[in-house]
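An overview of the molecular structure
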Amino acid sequence: MPSIEDELFPSTPGKFKIDRSNRQLNRCFASTSTMFLWALFLIALTASYLSFQSFVDSGSRYLTASWGGIQWEKQVRTSAQIHRSGGISVLVTGATGFVGSHVSLALRKRGDGVVGLDNFNNYYDPSLKRARMSLLSSRGIFVVEGDLNDAKLLSKLFDVVAFTHVMHLAAQAGVRYALENPQSYVHSNIAGLVNLLETCKAANPQPAIVWASSSSVYGLNEKAPFSESDRTDQPASLYAATKKAGEEITHTYNHIYGLAITGLRFFTVYGPWGRPDMAYFSFTRNILQGKPITIYRGKNRVDLARDFTFIDDIVKGCLGSLDSSGKSTGSGGKKRGAAPYRIFNLGNTSPVTVPILVDILEKHLKVKAKRNFVEMPGNGDVPFTHANISSARREFGYKPTTDLETGLKKFVRWYLSYYGYNTKAKLEQ
Ligand SMILES: O=C(O)[C@H]1O[C@H](OP(=O)(O)OP(=O)(O)OC[C@H]2O[C@@H](n3ccc(=O)[nH]c3=O)[C@H](O)[C@@H]2O)[C@H](O)[C@@H](O)[C@@H]1O
């Protein structure tokens with residue numbers, strides 16, 4: 001049977017302690033003070049709920065990064081200014097990412113307006129993103145700190161600037177990390193994408209959108225080289241599945257709202273200022289530190305191969321896509337006519353195996369790698385990739401010019417200088 005105290009304080013074990021030694025007195029005292037305490041508690045609860053509601057209603061921005069205000073708007077406007085005739089004004093999402101930072105600098109260099117957006121998440125070392133941001137700032141590019149899922153922030157950006165284009169590169173990247181953190185792929189690659197498309201659909205004028213899909217959408221496809229018309233319904237990873245979903249989602253927005261959309265299937269992009277989670281980058285780190293590297297092998301000990309594509313070639317492909325994107329046709333959220341919907345492979349057209357990638361790194365680093373071969377685990381990897389790039393060549397003259405040997409030489413030079421290697425001293429150890 002529950003005691004009277006238990007009935008008065010039913011579901012807060014451990015919270016209220018009752019002295020059971022002087023029951024009579026305590027009972028009377030407890031009931032009065034208890035009621036008083038409960039009343040206080042309820043008032044406090046109601047007050048904090050109301051103030052929390054108004055806090056939330058007054059803008060989700062206060063819950064995430066800080067933005068807004070006259071000074072902030074001025075920075076956004078200045079950064080978006082176009083400095084050449086016929087130039088464009090571009091919102092670059094993921095601007096402090098690997099591809100985003102390179103594309104932003106290239107746009108700015110030719111006189112286009114650029115405003116960056118980035119949430120600086122810690123998927124990999126955020127200090128590298130901050131360093132890229134400093135580089136962008138030194139060229140007059142303002143990067144807004146915020147998340148794609150912040151609808152108020154996105155619509156504010158379009159209130160302040162009539163962007164002609166959006167270069168959408170913010171995403172949860174990486175094939176194997178999806179096993180560890182599947183929700184982050186849904187958050188950025190699905191929910192964030194839809195939020196961005198909703199903003200673009202409502203903007204007046206609507207921008208044209210170019211965005212990063214991935215070669216991984218070809219999944220278990222065995223026909224090579226991969227052409228845009230090949231089947232892409234057998235993804236091997238959740239990452240690939242979210243990119244494929246992105247292609248379907250963007251198609252819908254093109255179809256219903258008249259947004260001009262171009263999806264770019266990047267093929268294993270590498271180069272200076274790259275992503276530390278990628279093989280060429282982590283191999284370099286380990287080789288220099290004398291640590292072993294793990295090289296995956298496919299069935300029957302077949303080497304895995306990638307159509308590694310140098311960043312400068314990808315940047316040319318991104319700019320070519322922006323320049324040839326065509327215009328969105330909708331206004332006020334309504335379609336006025338058909339708008340272009342395009343998908344292009346941006347690869348190098350010459351796959352190289354992972355062991356050969358390591359050979360090249362050894363040569364440039366002048367250090368032997370400690371190779372540890374492991375059978376490819378079921379982690380989402382595909383055995384090889386190989387791009388057919390004839391569509392991009394036809395549409396905007398895309399023509400990669402950097403082979404892996406040359407591109408990795410540039411990467412290694414950057415790596416040694418960025419991480420402060422006194423090349424001679426370190427390498428002779
Ligand atoms: O082309 C693409 O669309 C994708 O390219 C890369 O994905 P991935 O090709 O897996 O690039 P890495 O992670 O650098 O791996 C390259 C190769 O090295 C292999 N690898 C990776 C890591 C490792 O420790 N050992 C190893 O042998 C992988 O199996 C793969 O064959 C990017 O990480 C993705 O974000 C991008 O979308």
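Residues numbered from 1 in each chain as written. Predicted model: local features only at pLDDT ≥ 70, side-chain atom pairs only at ≥ 80, totals over all residues. Heavy atoms only, no water.

**A few points about the sheet that holds strand S2 (residues 113-118)**
- Pairing within the open sheet is parallel, and its seven strands lie in the order S3-S2-S1-S4-S5-S6-S11. Two strands close off the open sheet at either side, each with one partner strand: strand S3 (142-145) and strand S11 (341-346). Each strand axis lies, on average, 20° off the axis of its neighbour in the sheet, ignoring direction.
- Strand direction decides the pairing type here: strand S4 (residues 165-168) and strand S5 (residues 208-214), joined by four bridges, are parallel. (Pairing = 2+ DSSP bridges. Helix = DSSP H or I, 4+ residues; strand = E, 2+ residues; numbered from the N terminus. Axes fitted to C-alpha atoms, helices over the stretch in contact; angles between N-to-C directions.)

**Focus on the side chain of His-364**
- Here His-364 is to be found in helix H11 (residues 354-365).
- Classification of His-364 as buried rests on a relative accessible area of 14%.
- When residues no more than four places from it in sequence are discounted, the contact partners of His-364 are Glu-405, Leu-408, Lys-409 and Val-412. (Buried < 20%, exposed > 50% of the residue type's maximum accessible area, 1.4 Å probe, protein only. Contact = heavy atoms within 4.5 Å.)

**Some points on a positive patch on the surface**
- A cluster of basic residues, Lys-366, Lys-409, Lys-410 and Arg-413, forms a positive patch at the surface.
- Residue position: Lys-410 is located in helix H13 (residues 404-418). (Patch = residues over 30% accessible without salt bridge, like charges linked within 9 Å, V, L, I, M, F, W, Y side chains within 5 Å. Areas by Shrake-Rupley, 256 points an atom, 1.4 Å probe, with all protein chains shown as cover. Salt bridge = Lys/Arg side-chain N within 4 Å of Asp/Glu carboxyl O. Lys, Arg positive; Asp, Glu negative; His and termini not counted. Charge placed at Lys NZ, Arg CZ, Asp CG, Glu CD.)

**Here we look at H13**
- In this model H13 runs 20 Å from its N-terminal to its C-terminal C-alpha over 15 residues, within 8% of the 21 Å that 1.5 Å per residue would give.
- Of all the residues in H13, the buried ones are Leu-404, Gly-407, Leu-408, Phe-411, Val-412, Trp-414, Tyr-415 and Leu-416. (Expected span 1.5 Å × (residues − 1).)

**Quick notes on the environment of Pro-272**
- Mapped onto the elements, Pro-272 comes out in the loop between strand S7 (269-270) and helix H9 (279-288).
- If we skip the residues at most four places from it in the chain, Pro-272 touches Phe-98, His-102, Phe-310, Ile-311, Lys-410, Phe-411 and Trp-414.

**Considering the packing of helix H7 (residues 182-202) against helix H8 (residues 238-257)**
- Direction vectors running N to C along H7 and H8 enclose 15°, while the axes themselves pass 10 Å from each other. When the axes of H7 and H8 are compared, the pair comes out roughly parallel. Of the two elements, H7 crosses H8, and the hand of that crossing is right-handed. Contacts from Pro-182, Tyr-185, Asn-189, Ile-190, Leu-193, Val-194, Leu-197, Glu-198 and Lys-201 in H7 reach Leu-238, Tyr-239, Thr-242, Lys-243, Ala-245, Gly-246, Ile-249, Thr-250, Tyr-253 and Tyr-257 in H8.
- Residues that form the contact of H7 with H8 fall into these classes: 12 nonpolar, four polar and three charged. (Parallel < 35°, antiparallel > 145°, perpendicular 65-115°, else oblique. Left-handed = near helix turned anticlockwise from the far one by under 90°. Nonpolar A, V, L, I, M, F, W, Y, C, P; charged D, E, K, R; others polar.)

**Details of the nonpolar core**
- Core analysis: the largest hydrophobic core is formed by 69 residues, its most contacted members being Val-99, Met-167 and Phe-266.
- No other element matches H13, which puts seven residues into this core.
- Excluding anything up to four places from it in sequence, Val-99 contacts Leu-169, Phe-266, Val-269, Ile-311, Ile-314 and Cys-318.
- Counting residues in hydrophobic clusters, the runner-up holds 31 residues, among them Leu-153, Cys-200, Ala-203 and Tyr-253. (Core = buried A, V, L, I, M, F, W, Y, C linked by side-chain atoms within 4.5 Å.)

**Concerning helix H6 (residues 151-160)**
- All of the buried residues along H6 are Leu-153, Leu-154, Leu-157, Phe-158 and Val-160. In an axial view of H6, the angular spread of the buried residues amounts to 160°, which keeps them on one side of the axis. (Arc of directions from axis to C-beta.)

**Comments concerning the UniProt feature "domain: NAD-dependent epimerase/dehydratase" (unreviewed entry) in the chain**
- Cross-referencing UniProt, the feature "domain: NAD-dependent epimerase/dehydratase" (unreviewed entry) maps to residues 90-324 in the present numbering.
- The distance separating the terminal C-alpha atoms of residues 90-324 is 14 Å; by composition the span is 42% helix and 18% strand. (UniProt positions renumbered as here; feature names shortened; annotations may be inferred.)

**So, the environment of Glu-375**
- Within the secondary structure, Glu-375 is located in strand S13 (residues 370-375).
- Sequence spacing of Glu-375 and Glu-222 is 153 residues, and the spatial spacing of their C-alpha atoms is 20 Å.

**Quick word on the pairing of strand S1 (residues 89-93)**
- Counting buried positions over the five residues of S1 gives five, a clear majority of the element.
- Burial along S1 is two-sided: the face carrying Ser-89, Leu-91 and Thr-93 and the face carrying Val-90 and Val-92 are both buried.
- Bridge count for S1 against S2 is five bridges, and the pairing is parallel. For Ser-89, the partnering residue across the bridge sits in S2 and is Gly-113.
- Running through helix H4 (residues 98-109), the crossover from S1 to the neighbouring parallel element S2 is right-handed.
- Summarising the sheet, S1 and S4 pair through four bridges and their orientation is parallel. The partner of Thr-93 across the bridge, within S4, is His-168. (Right-handed = clockwise from strand over helix to strand, strands pointing away.)

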